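# Residue-level structural notes
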Amino acid sequence: MSEELADFAAAVHDVPELRAVLRNPQLEPRAKIGVLEELLGGAEPFVRNFLRLTAEKGRIGQIEDIAREFDRLMAREERRLNVELTTARELSDDEAREILQQIEQASGRTVEATRRVDPDLIGGFVLQAGSMRVDASVRGRLQGLRQELVKGR
């Protein structure tokens, strides 16, 4: 279910018109259910029923938040850690795998990562896992040094 729910939430995020319809407080829940029925014809019955119930209860406008929270709860249950790894340059698959294996060993959890490249980091990486952020980038170190120098005056 989580994959279909995540796909639907992504569609809501990517299609502003759909988001506007689902968040419109002036539209009756029945109208929103009609839109959902047209979109979810081939979806798993459990997902269709969940989304229909969410619309009936007036919460379909928050489906992106609901899907995010559902994924967070599933990740905790599955002992899965979702991280975002940002590097200054594109990593090879071996380099990324080595970093992620170290994170798995340290956390004792299975790691799923999204990878981004940000040349402004200059070197190193930034790892974001939920509210925890590890900045091991050259840019981060330079900013830390700058702050220390300003405080020392």
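Keep in mind the model is a prediction, meaning the values are calculated, not measured.

Rules used in this analysis
Residues numbered from 1 in each chain as written. Predicted model: local features only at pLDDT ≥ 70, side-chain atom pairs only at ≥ 80, totals over all residues. Heavy atoms only, no water. Helix = DSSP H or I, 4+ residues; strand = E, 2+ residues; numbered from the N terminus. Buried < 20%, exposed > 50% of the residue type's maximum accessible area, 1.4 Å probe, protein only. Contact = heavy atoms within 4.5 Å. Pairing = 2+ DSSP bridges. Expected span 1.5 Å × (residues − 1). Arc of directions from axis to C-beta. Axes fitted to C-alpha atoms, helices over the stretch in contact; angles between N-to-C directions. Right-handed = clockwise from strand over helix to strand, strands pointing away. Salt bridge = Lys/Arg side-chain N within 4 Å of Asp/Glu carboxyl O.

Positive phi is not limited to glycine here, since Arg 79 has a value of about 55 degrees. Positive phi is not limited to glycine here, since Ile 122 has a value of about 75 degrees. Looking at where Ile 122 falls in the secondary structure, it is placed in the loop between strand E2 (110–117) and strand E3 (124–129).

Here the focus is the side chain of Glu 64. Mapping Glu 64 onto the fold places it in helix H5 (residues 63–77). Note on Glu 64: relative accessible area 11%, which makes it buried. When residues no more than four places from it in sequence are discounted, the contact partners of Glu 64 are Ala 9, Val 12, His 13, Arg 19 and Arg 23.

On to the environment of Glu 3, then. Mapped onto the fold, Glu 3 is located in helix H1 (residues 2–14). Along the sequence, Glu 3 and Asp 71 sit 68 residues apart, while their C-alpha atoms lie 8.9 Å from each other.

Below, the discussion takes up the pairing of strand E4 (residues 132–137). By the bridge criterion, six bridges tie E3 to E4 in an arrangement that is antiparallel. Its bridge partner being in E4, Gly 124 is matched across the sheet by Ser 137. Counting the residues between successive antiparallel strands, the hairpin from E3 to E4 contains two residues, one of them, Gly 130, with a positive phi of roughly 65 degrees.

Residues three or four positions apart in an α-helix share a direction because the helix packs 3.6 residues into each turn. In this model, H5 (15 residues) spans 21 Å end to end at C-alpha, consistent with the 21 Å of a helix rising 1.5 Å per residue. Turning to H5, its buried residues number three or more, namely Ile 63, Glu 64, Ala 67 and Ala 75. Looking down the long axis of H5, one finds its buried residues gathered within 110 degrees of arc, a one-sided arrangement. Exposed residues lying more than 90 degrees from the buried face of H5 are Arg 76 and Glu 77. Looking at the residues trailing H5, positive phi occurs at Arg 79, about 55 degrees.

This part covers the sheet that holds strand E1 (residues 80–87). Strand pairs in the sheet, formed through backbone hydrogen bonds, run parallel or antiparallel to each other. With respect to topology, four strands assemble into an open sheet ordered E2-E1-E3-E4, the strand pairing being mixed. Edge positions in the sheet fall to E2 and E4, since each of these pairs with one other strand and no more. Here the average twist between neighbouring strands, direction ignored, is 20 degrees. Two strands pair when backbone bridges link them, and E1 and E3 are joined in this way by four bridges, in the antiparallel orientation. Within E3, the residue paired with Glu 84 across the bridge is Gln 128.

On to the pairing of E1, then. Extensive coverage of E1 is indicated by the burial of six of its eight residues. For E1 and E2, the ladder comprises eight bridges, and the chain directions are parallel. Within E2, the residue paired with Thr 87 across the bridge is Val 117. Taking the sense of rotation as the criterion, the β-α-β connection linking E1, helix H6 (residues 93–107) and E2 turns out right-handed.

Attention now moves to the pattern of salt bridges. Within the structure shown, the criterion is met by 14 salt bridges. Two residues, Asp 118 and Arg 139, come together in a salt bridge whose shortest N-O distance is 3.7 Å. With a gap of 21 residues between them, Asp 118 in the loop between E2 and E3 and Arg 139 in helix H7 (residues 138–152) connect regions that are remote in the sequence. Owing to a relative accessible area of 26%, Arg 139 belongs among the partly exposed residues under this scheme. Sharing partners across several salt bridges, the network here consists of Asp 71, Glu 78, Arg 80 and Glu 112.

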